[in-house]
Amino acid sequence: MPRIRLLPDDLINRIAAGEVVERPASVVKELVENSLDAGATSITVRLQQGGIGAVDVIDDGCGMDGDDALLALERHATSKLHEHSRLDAITTLGFRGEALPAIAAVSRLTLETAESDGEGTRVECEFGQIRDLRPIARPRGTHISARDLFQRLPARRKFLRSQETEFRHAVTLLTALALTRPAVAFLLIHNDRNVLHVPPARDLLARLPDVLGARHAQEATPISHHRPPFHISGYLLASRRARQVTLAVNGRVVRDRFLTAVVHRALRGASGALEAEGFLHLELPAFLVDVNVHPTKAEVRFTDPGTVAGALTAALAASLVRLRRPTEIRRLVTVPAAPAPQPQLPLSYPPPAPAPSVAESAAATPPGTPPCTPLGRLLGQYRGTYLVLEADDGLLIVDQHVAHERVLYEELLARDEHAPMQPLLIPAVLELRAEHAALARELAPALASLGVELEPLSGTSVRVLAAPAGLGPELLHDALPALLADLEAGAVPGETIRQKVAAALACRAAVKKHASLSRPEAEHLLARLARAANPHRCPHGRPIVLRLPHAEIERRIGRG
Ligand code: ADP
Ligand code: MG
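Residues numbered from 1 in each chain as written. Chains lettered and ligands numbered in written order. Predicted model: local features only at pLDDT ≥ 70, side-chain atom pairs only at ≥ 80, totals over all residues. Heavy atoms only, no water.

**Section: the overall build of the protein chain**
As a reminder, the rule being used: A run of DSSP states H or I qualifies as a helix once it reaches four residues; a run of E qualifies as a strand once it reaches two. Both are numbered from the N-terminal end. Here's how the labels work: a residue is buried when its accessible area is under 20% of the maximum for its type, exposed when over 50%, partly exposed in between, all with a 1.4 Å probe on protein chains only. Contacts are assigned to residue pairs with any non-hydrogen atoms lying within 4.5 Å of each other.
Looking only at helices and strands, one finds 17 helices and 22 strands in the protein chain. Relative to its 560 residues, the protein chain shows a buried fraction of 49%. At a minimum sequence separation of 6, the contacts of the protein chain that also span at least 24 residues come to 69%.

Here it is in structure tokens:
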């Protein structure tokens with residue numbers, strides 16, 4: 001039998017790190033929570049390479065003295081819980097004393113702290129080993145810097161996603177934390193660029209524009225529901241697709257399954273087909289909730305889940321009535337760069353090549369009737385939605401939207417990645433949500449290869465500098481935010497990011513149902529469809545052409 005042995009401390013810490021420090025965003029979460037527990041009024045988060053390179057959190061909180069600075073890096077060292085503390089009345093975000101040692105075990109960590117302006121302490125720690133301790137001069141507060149995350153744990157590091165994905169997780173988290181504490185100022189800097197600047201606000205409502213952007217804040221339905229002993233606040237925003245509602249309980253951002261299920265049920269029940277996203281903060285007396293059930297405290301347990309569910313459902317029902325549908329086309333701020341009017345862009349991209357000659361395709365049509373398209377003779381448009389053609393073996397019914405979608409998709413993908421972009425006369429500035437701005441940066445190379453050039457501006461804005469012909473600025477206004485929302489949902493297996501972006505762009509750009517097409521427009525579209533590598537299905541898999549064989553028509557009509 002092997003003997004039971006105590007694990008060495010650094011191994012315990014690395015195991016704990018697995019639970020507490022999943023990814024850079026978890027480091028941000030733990031450090032910012034510590035800053036909030038320290039009573040900070042202003043917190044700066046600085047990330048390099050999505051946090052994989054470095055996470056710095058700087059606060060103006062109560063700080064630590066030299067002894068505590070060292071102790072803080074010891075496992076189960078906490079100032080927040082004492083021998084006589086009641087575990088059922090925890091009001092701080094931390095209490096287990098696990099986070100700092102866990103982070104220190106998997107990074108190069110520097111801790112600088114002072115209890116008042118002037119004399120402070122600096123501790124340097126390398127993958128769990130304290131390397132240096134010295135007095136320094138600094139202002140009151142704490143600055144913790146964790147660099148080279150998981151460098152000594154290659155297996156762990158491999159599981160991290162791209163910098164931009166990691167960064168997006170950090171933004172989502174910080175946005176939620178900022179909503180739980182309106183009075184605290186937050187600044188997020190990524191790769192030396194200010195990304196999110198949230199000044200102190202009176203309450204959640206006043207904070208919304210800084211977190212969501214003015215436009216979304218205007219569209220959001222605020223929630224403030226008081227039902228003793230519960231208080232529920234937050235906002236909901238109608239969205240085109242199922243989206244997560246971020247949840248917080250007593251200032252703690254949680255991913256609680258029970259609460260999520262309650263929210264989803266309420267949304268489904270009340271809003272029909274309308275989807276919503278948003279943020280809900282549930283506040284209740286500390287003794288009615290147990291936060292000590294999950295390693296990262298992401299789940300909580302309620303003494304009386306039934307009444308919690310009831311209060312949440314009531315709060316949601318009251319707000320859902322007021323929920324507004326998203327505006328179909330978001331008109332965003334445009335910066336006039338030139339006085340010239342925007343020219344009408346052609347529906348096609350690239351500019352149409354000459355259609356195949358009649359001789360090339362005459363075999364497909366009855367003799368004597370020259371086809372007006374390679375697929376057959378265009379008879380007309382049915383219900384403003386389908387193009388009806390006479391082919392040699394029957395009738396063809398072409399769905400104009402999916403046909404156009406397929407054509408645009410293939411043309412976008414066929415675009416030479418190095419082809420010059422078509423600059424917009426009037427570059428458009430799009431105001432995006434922080435996560436979408438991060439995603440836009442992540443997708444910038446894929447978009448550029450498709451002819452969409454974006455320039456990230458400060459904060460959450462991006463400027464569209466160029467668009468493929470046919471995807472005018474108007475369309476991009478609508479397409480880009482929607483596209484980013486689509487892409488947020490994750491990739492379809494087997495699909496590259498470029499294909500996914502192209503499919504989403506094509507879908508947004510294609511002619512819609514009930515749009516009348518002139519004969520030349522319809523013929524042009526059919527000619528392009530005939531050239532498509534796959535003229536049968538749209539990029540999402542919907543069939544494009546319905547074929548009614550002549551024999552079947554005859555049979556049904558009673559002639560066969
Ligand atoms: P916990 O938050 O569960 O107490 P941590 O490992 O996160 O455990 O932190 C350990 C201790 O270090 C905290 O209890 C607190 O006393 C101290 N500490 C950590 N971060 C800060 C900070 N930013 N300002 C002041 N004290 C801090
Ligand atoms: Mg903590």
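**Some remarks on the sheet that holds strand β6 (residues 141–147)**
The cut-off we apply is this: In this scheme, strands are said to pair when DSSP sees at least two bridges between them. Angles here are taken between N-to-C directions and fall from 0 to 180 degrees, while the axes themselves are lines fitted to C-alpha atoms, restricted in helices to the stretch in contact.
Read across the sheet, 8 strands follow the order β5-β4-β3-β6-β2-β1-β7-β8 without closing on themselves; strand pairing throughout is mixed. Here the strands that pair on one side only, and so sit at the sheet edges, are β5 (129–138) and β8 (193–198). Going across the sheet, the axis of each strand differs from the next one's by a mean of 10°, ignoring polarity. Sheet topology places strand β3 (residues 108–114) next to strand β4 (residues 118–126); 6 bridges connect them, and they run antiparallel. Bridging across to β4, T110 finds its partner in E124. Contacting β1 (42–48), β7 (185–190) and β8, helix α6 (residues 163–180) crosses the sheet at an angle of about 175° to β7.

**What to know about helix α12 (residues 400–414)**
Which entries qualify depends on this criterion: To estimate how far a helix should reach, multiply one less than its number of residues by 1.5 Å. Under this definition, polar contacts are N or O atom pairs within 3.5 Å; protein pairs additionally need one hydrogen-donor-capable and one acceptor-capable atom, and for neighbouring residues in sequence, both atoms have to be side-chain atoms.
For α12, built from 15 residues, the straight-helix expectation of 21 Å at 1.5 Å per residue is met to within 8% by its first-to-last C-alpha distance of 21 Å. Most of α12 is tucked away: 13 of the 15 residues are buried. The residue sitting at the N-terminus of α12 and contributing the capping side-chain oxygen is D399; that oxygen lies 3.0 Å from the backbone nitrogen of H401.

**Some words on the pairing of β1**
Pairing analysis gives 6 bridges linking β1 to β7, with the strands arranged parallel. Among the inter-strand pairings, V45 is bridged to a residue of β7, identified as L188. Where β1 lies against strand β2 (residues 54–59), 6 bridges are found, and the strand directions are antiparallel. Each residue of the ladder has a partner; that of R46, found in β2, is D56. Here β1 folds back onto β2, and the loop between the two strands holds 5 residues, one of which, Q49, carries a positive phi near 45°.

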